[in-house]
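# Examination of the molecular architecture
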Amino acid sequence: MSSRRPILVLASVFVPFVFGLGWAGVATARPSYATSAGNSCSGCHTTPESGRLQIDGTDGVLDLGTQLDGNTRGALQLFQVVPGNTVTLSMQVLSWDGVFAVQFKRLEKSGQQSSLTNFLSWLEDNVPGNTWTLQEVSNPPYYTKDDGSDGGLPASSAGPFSFDLFIDPATPPDVYDLEFAIGGVNTNSDLIYQDQHFYLEVVPEPALGASALTMLASLGAVYASRRRLGPS
Ligand code: HEC
């Protein structure tokens, strides 16, 4: 009981100190701001940029026309993955001016080709050293590639940046509409931003499916010919 007093004293000294640090932290905690802004950097980073973001190493392009959610995105870069595997999603930042952080988001969105009730089941699978910061409050999480202290990277560290995403075997095949974005501050102190959607297609195991079908077909043929040859 008597030990309460020193704790209270300590608390009264440290609480304002910690809050002070907290506010100082918020003032520089830019890549994490979007957790309170619907995961969108562009609400504050209102100066649009173009030609600064390139999606790399894809399996081609895909145009879904009108997606199930009503959006028409045109031809987007496409990554493909078989459930139970890891896919490397890769992008780079081209001639950025100032500092930036990369955002990777929309992992919570539904399938856009087969069913709005299909969802990704995923795990971050980045190798040690390839650090992405999980930004999460109460809304769906997003990741940022930042300086590790919630600040920006210099333009010279333009990537390529990759995110290894493990797709759980339970994920239903579909086309998922994901996004990389870059937000930052240029040398004129403008809050700049660019984003780029891309597709992740979760495809069923091809080899197994095809060979099983071939086997069934040939079994069927053998069965049919036996019936034809057999005594009637
Ligand atoms: C609520 C408004 C707001 C949102 C949302 C927001 N930012 Fe910012 N951001 C700012 C402001 C304001 C600054 C400038 C602060 C300063 O440098 O004084 C800033 C600065 C930055 C910086 C420069 C940090 C540094 O080290 O100087 C980066 C990088 C950045 N934002 C990235 C992002 C990214 C990426 C997102 C989305 C994931 C984002 N911001 C969302 C308001 C926001």
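This one's a predicted model, so the numbers in the text were calculated from it and none came from an experiment. (Residues numbered from 1 in each chain as written. Predicted model: local features only at pLDDT ≥ 70, side-chain atom pairs only at ≥ 80, totals over all residues.)

For the bond from G159 to P160, the omega torsion is 5°, close enough to zero to count as cis. Considering the arrangement of structural elements, one finds P160 in the loop between strand 10 (153-154) and strand 11 (161-167). Phi is positive for N39, which is not a glycine, with a value near 65°. Its location among the elements puts N39 in the loop between helix 1 (4-28) and strand 1 (47-48). The exposure class assigned to N39 is buried, which follows from the 21 C-beta atoms found within 10 Å. The backbone phi angle of S189 is positive, close to 70°, even though this residue is not glycine. The exposure class assigned to S189 is exposed, which follows from the 8 C-beta atoms found within 10 Å. (Helix = DSSP H or I, 4+ residues; strand = E, 2+ residues; numbered from the N terminus. Buried ≥ 20, exposed ≤ 12 C-beta atoms within 10 Å, placed from the backbone.)

By nearness alone, 20 residues border the ligand, and R30, C41, C44, G152 and G183 come closest of all. Within the residue set of the shell around the ligand, elements represented by two or more residues are strand 6 (99-105) and strand 12 (174-185). Looking at the shell around the ligand, the element that brings in the most residues is strand 6, giving 4 residues. Taken together, the residues that form the shell around the ligand break down as 11 nonpolar, 8 polar and 1 charged. (Near = placed C-beta within 6 Å. Nonpolar A, V, L, I, M, F, W, Y, C, P; charged D, E, K, R; others polar.)

A few words on the sheet that holds strand 11. Strand order across the open sheet formed by 4 strands is 2-5-11-7, with antiparallel pairing between neighbours. Because the sheet does not close on itself, it has two edges, and the strands there are strand 2 (53-56) and strand 7 (122-124). Each strand of the sheet is rotated relative to its neighbour by a mean of 30°, with strand direction disregarded. Bridging between strand 7 and strand 11 involves 3 bridges; their strand directions are antiparallel. Paired with L123 across the two strands is F166, which belongs to strand 11. (Pairing = 2+ DSSP bridges. Axes fitted to C-alpha atoms, helices over the stretch in contact; angles between N-to-C directions.)

So, on to the environment of L78. Turning to its location among the elements, L78 is positioned in strand 4 (residues 75-81). Sequence separation between L78 and D59 is 19 residues; the distance between their C-alpha atoms is 5.5 Å. Contact partners of L78, with chain neighbours within four places excluded, come to T58, D59, G60, V61, L62, Y199 and E201. (Contact = placed C-beta atoms within 7 Å.)

In short, geometric facts, not functional conclusions.
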